[in-house]
Amino acid sequence: MKRLLIAGVLLICTVAGCQQKEEPKQQYQFPTGPTAPIQSLEQEKMLKDAVTKDPKNVNAWISLGNMLMDTSRFTEAIGAYQKALEIDAKNVDVRVDMGTCYRNMRQPEMAVKEYRKALEYNPQHVQALKNLGIVLAYDLRDTNQAVKAFEKVLTIAPNDPDAERLKQEIQKLKAAK
């Protein structure tokens, strides 16, 4: 009888899920935040090694410039972008990024120069036009030219994700004249 009782209890426990299942172990989560600078330093070293070994590697110069810009090291980023432009002077995206660095360094005239140079190579470059309009409107207070830049964006890319906001900015700038 004892055996039957034990067998019955074991059967019930098995069916009812009484057996303990091993909990899955938590995956180790790498810490974020404080390690980011270490990753940036490693990435920077790797990119600097790449451009030292191959100074004509335009992609390495661009990546280095982007990394430096992302870490707010604008002067250094401009240096890397200038090296990239020595290799590929018509790289519009690099010119736009360099213009953004100049704006962040409070050199709006240089930013405008780079955005306009980018637009010489590609008059349809939406980001160059947006950035140009922003610097003209809010840094240099040239509302007429800013409105023209924003209107050109709307002509080129009427369905741009920023289209509604640009229309509002145009109205605001025209009303402020």
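In the block above lies the structure referred to throughout.
Residues numbered from 1 in each chain as written. Predicted model: local features only at pLDDT ≥ 70, side-chain atom pairs only at ≥ 80, totals over all residues. Heavy atoms only, no water.

Caption draft 1: Looking closely at helix α8 (residues 143–156). Helix length check: α8 (14 residues) gives 20 Å between terminal C-alpha atoms against 20 Å at 1.5 Å per residue, within 8%. What α8 keeps buried is the set A146, V147, A149, F150, V153 and L154. When α8 is viewed along its axis, its buried side chains cluster within an angular range of 160 degrees and face the same direction. Projecting away from the buried face of α8 at angles above 90 degrees are the exposed residues K148 and T155. Those residues of α8 that are buried are in contact with α7 (126–139) and α9 (163–175). (Helix = DSSP H or I, 4+ residues; strand = E, 2+ residues; numbered from the N terminus. Expected span 1.5 Å × (residues − 1). Buried < 20%, exposed > 50% of the residue type's maximum accessible area, 1.4 Å probe, protein only. Arc of directions from axis to C-beta. Contact = heavy atoms within 4.5 Å.)

Caption draft 2: Structural detail: the layout of surface pockets. Estimates place the volume of the largest pocket at around 180 Å³. Lining the largest pocket are K130, I134, Y138, F150, D162, R165, L166 and E169. Contributing elements (two or more residues each) for the lining of the largest pocket: α7 and α9. When its residues are assigned to classes, the lining of the largest pocket shows four nonpolar, no polar and four charged. (1 Å grid on protein atoms, 1.4 Å probe; cavity = no way out; pocket = protein on both sides within 12 Å on 5 of 7 lines; lining within 4 Å. Points joined across faces, edges and corners; volume = space filled by probe spheres on them. Nonpolar A, V, L, I, M, F, W, Y, C, P; charged D, E, K, R; others polar.)

Caption draft 3: Geometry of the pattern of salt bridges. With the rule as written, the count across this model stands at 12 salt bridges. Close ionic contact of K45 with D49 constitutes a salt bridge, the shortest N to O distance being 3.1 Å. Of this pair, K45 and D49 are both found in helix α2 (residues 36–53), four residues apart, which corresponds to roughly one turn of the helix. A cluster of three or more residues bridged by salt bridges with shared partners is formed by E44, K48, R73 and E76. (Salt bridge = Lys/Arg side-chain N within 4 Å of Asp/Glu carboxyl O.)

Caption draft 4: Local environment of the nonpolar core. Membership of the largest hydrophobic core comes to 45 residues, with the highest contact counts inside it found for L64, Y81, C101 and L132. Of all the elements in the fold, those that place two or more residues in this core are α2, α3 (58–70), α4 (74–87), α5 (92–104), α6 (108–121), α7, α8 and α9. What L64 contacts, discounting residues up to four positions off in sequence, is E44, L47, K48 and A80. (Core = buried A, V, L, I, M, F, W, Y, C linked by side-chain atoms within 4.5 Å.)

Caption draft 5: Structural detail: unusual backbone geometry. Unusually for a residue other than glycine, R106 sits at a positive phi of about 60 degrees. Note that R106 resides in the loop between α5 and α6. Within the chain, R141 stands out as a residue other than glycine whose phi angle is a positive 55 degrees.

Caption draft 6: How the structure looks around the packing of α3 against α4. α4 packs onto α3 with a crossing angle of 160 degrees between their chain directions and a minimal axis gap of 8 Å. Between α3 and α4, the crossing angle belongs to the class labelled roughly antiparallel. The handedness of the crossing between α3 and α4 is left-handed. Residues V58, W61, I62, L64, G65, N66, L68 and M69 of α3 lie in contact with α4, whose contacting residues are F74, E76, A77, A80, Y81, K83, A84 and I87. (Axes fitted to C-alpha atoms, helices over the stretch in contact; angles between N-to-C directions. Parallel < 35°, antiparallel > 145°, perpendicular 65-115°, else oblique. Left-handed = near helix turned anticlockwise from the far one by under 90°.)

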